[in-house]
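Residue-level structure breakdown
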Amino acid sequence: DTAVSQTPKYLVTQMGNDKSIKCEQNLGHDTMYWYKQDSKKFLKIMFSYNNKELIINETVPNRFSPKSPDKAHLNLHINSLELGDSAVYFCASSQLAGYEQYFGPGTRLTVT
Amino acid sequence: QQQVKQSPQSLIVQKGGISIINCAYENTAFDYFPWYQQFPGKGPALLIAIRPDVSEKKEGRFTISFNKSAKQFSLHIMDSQPGDSATYFCAARGSNYKLTFGKGTLLTVNP
């Protein structure tokens, strides 16, 4: 029974397109996150929601927009995709903000 | 500006040996220090974590040593096994809820 799931696992698309990544957690956690892992494996926080409220909003292009319809779901929408957006995007969740984060399997985004 | 510095970048250990990965930080407001293990193609998995009021925490073969005055913490893997081969990340939680990660250490345990 998957704790944090993401769809799709792989996403290949062309520059300029708009795409979304979905995340769901069944752990009953209050906080969810989006991370970006680049080709050098560096992990960087992008956004975090606590009970549907945005609590972390890092300096990312405004082409990236998170949406949390409820506390079990956090989606990431990316407009006008660029080559530099190619990375692995991880969703995570935790009960308390910042502590004991559980990561999803990742979505590998390739922009051509 | 990297707030958590991790070393070494890569580490090769023989089976049965001790693997040691080090991290240093500057921000004294950090209040929680986890280590994550990541296998290729998978998400990071929480391995072990420590709070700054404790100097050591052990879970099975994994131990965190924490030196608050030196602002350093380290992961020790005793009796390292080939199955431990993975990338390890240290991290630190700030007062703004954010986890700041180190750049990772690729551990290879040779049989």
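Quick note: structure is the one above.
Before going into details, it helps to say that this report is about the structure given with it. (Residues numbered from 1 in each chain as written. Chains lettered and ligands numbered in written order. Predicted model: local features only at pLDDT ≥ 70, side-chain atom pairs only at ≥ 80, totals over all residues. Heavy atoms only, no water.)

Some remarks on a nonpolar patch on the surface
Residue and element names in this part refer to chain B. We count it as follows: Excluding any residue in a salt bridge, patches collect residues exceeding 30% relative accessible area, merging like charges within 9 Å and nonpolar Val, Leu, Ile, Met, Phe, Trp and Tyr side chains within 5 Å. Only the protein chains shown count as cover for residues, with accessible areas throughout obtained via the Shrake-Rupley method and a probe of 1.4 Å. What makes a salt bridge here is a side-chain nitrogen of Lys or Arg within 4 Å of a carboxyl oxygen of Asp or Glu, nothing more. Segments assigned H or I by DSSP are reported as helices when at least four residues long, segments assigned E as strands when at least two residues long, and all are numbered from the N terminus. Accessible area is worked out with a 1.4 Å probe on protein chains only. A residue is then buried under 20% of its type maximum, exposed over 50%, and partly exposed in between.
Together, Ile18, Ile20 and Met78 make up an exposed nonpolar region whose accessible area comes to about 240 Å². You can see Ile18 is positioned in the loop between strand 2 (10–14) and strand 3 (19–25). You can call Ile18 partly exposed: its relative accessible area is 48%.

Comments concerning the sheet that holds strand 3 (residues 19–25) of chain A
Residues and elements named next belong to chain A. Using the following cut-off: One requirement defines pairing of two strands: DSSP has to find at least two bridges between them. Note on definitions: angles span 0 to 180 degrees between N-to-C directions of axes, and those axes are lines fitted to C-alpha atoms, for helices only across the stretch in contact.
Spatially, 1-3-8-7 is the arrangement adopted by the four strands of the open sheet, whose pairing is antiparallel. Two strands lie at the open edges of the sheet, namely strand 1 (4–7) and strand 7 (64–70), each paired on one side alone. Taken pair by pair, the neighbouring strands of this sheet meet at an average axis angle of 20°, ignoring direction. Both strand 7 and strand 8 (residues 73–78) contribute to a ladder of five bridges, which runs antiparallel. If you follow Pro66 over to strand 8, its bridge partner there is Leu76.

A look at the state of the cysteines
Going by this rule: The disulfide definition used here is simple: a pair of cysteine sulfur atoms within 2.5 Å.
Inspection of the entire model under this criterion finds two disulfides over all chains. The partner cysteine of Cys23(A) in its disulfide is Cys91(A), sulfur to sulfur 1.9 Å. On the sign convention where negative means left-handed, the S-S torsion of about -75° between Cys23(A) and Cys91(A) marks this disulfide as left-handed. Of this pair, Cys23(A) sits in strand 3 while Cys91(A) sits in strand 9 (residues 87–94), and the two are 68 residues apart along the sequence. A single burial state applies to Cys23(A) and to Cys91(A), both of which are buried. Paired through a disulfide, Cys23(B) and Cys90(B) show a sulfur-sulfur distance of 1.8 Å. Residues Cys23(B) and Cys90(B) are joined by a disulfide whose S-S torsion is about -95°; by sign, that bridge is left-handed.

Remarks on a positive patch on the surface
Selection criterion: Note on charges: Lys and Arg go in the positive column, Asp and Glu in the negative column, and His and the chain ends are not counted at all. Here the site of a charge means NZ on Lys, CZ on Arg, CG on Asp, or CD on Glu.
A cluster of basic residues, Lys9(A), Lys41(A), Arg108(A) and Lys42(B), forms a positive patch on the protein surface. Mapped onto the secondary structure, Arg108(A) falls in strand 11 (residues 107–111). Judged by its relative accessible area of 46%, Arg108(A) falls in the partly exposed class.

Considerations on the pattern of salt bridges
Counted by the stated rule, this structure contains nine salt bridges over all chains. We note a salt bridge from Glu82(A) to Arg63(A), for which the minimum N-O separation is 3.5 Å. Taken together, the residues span a long stretch of sequence, with Glu82(A) in the loop between strand 8 and strand 9 and Arg63(A) in the loop between strand 6 (53–57) and strand 7 at a distance of 19 residues. For Arg63(A), a relative accessible area of 13% translates into the label buried. Across the pair Lys57(B) and Glu59(B) runs a salt bridge, and its minimum N-O distance is 3.7 Å. In this structure Lys57(B) comes out as partly exposed when scored by relative accessible area, which is 32%. Within the structure, one salt-bridge network assembled from shared partners comprises Lys44(A), Glu58(A) and Lys98(B).

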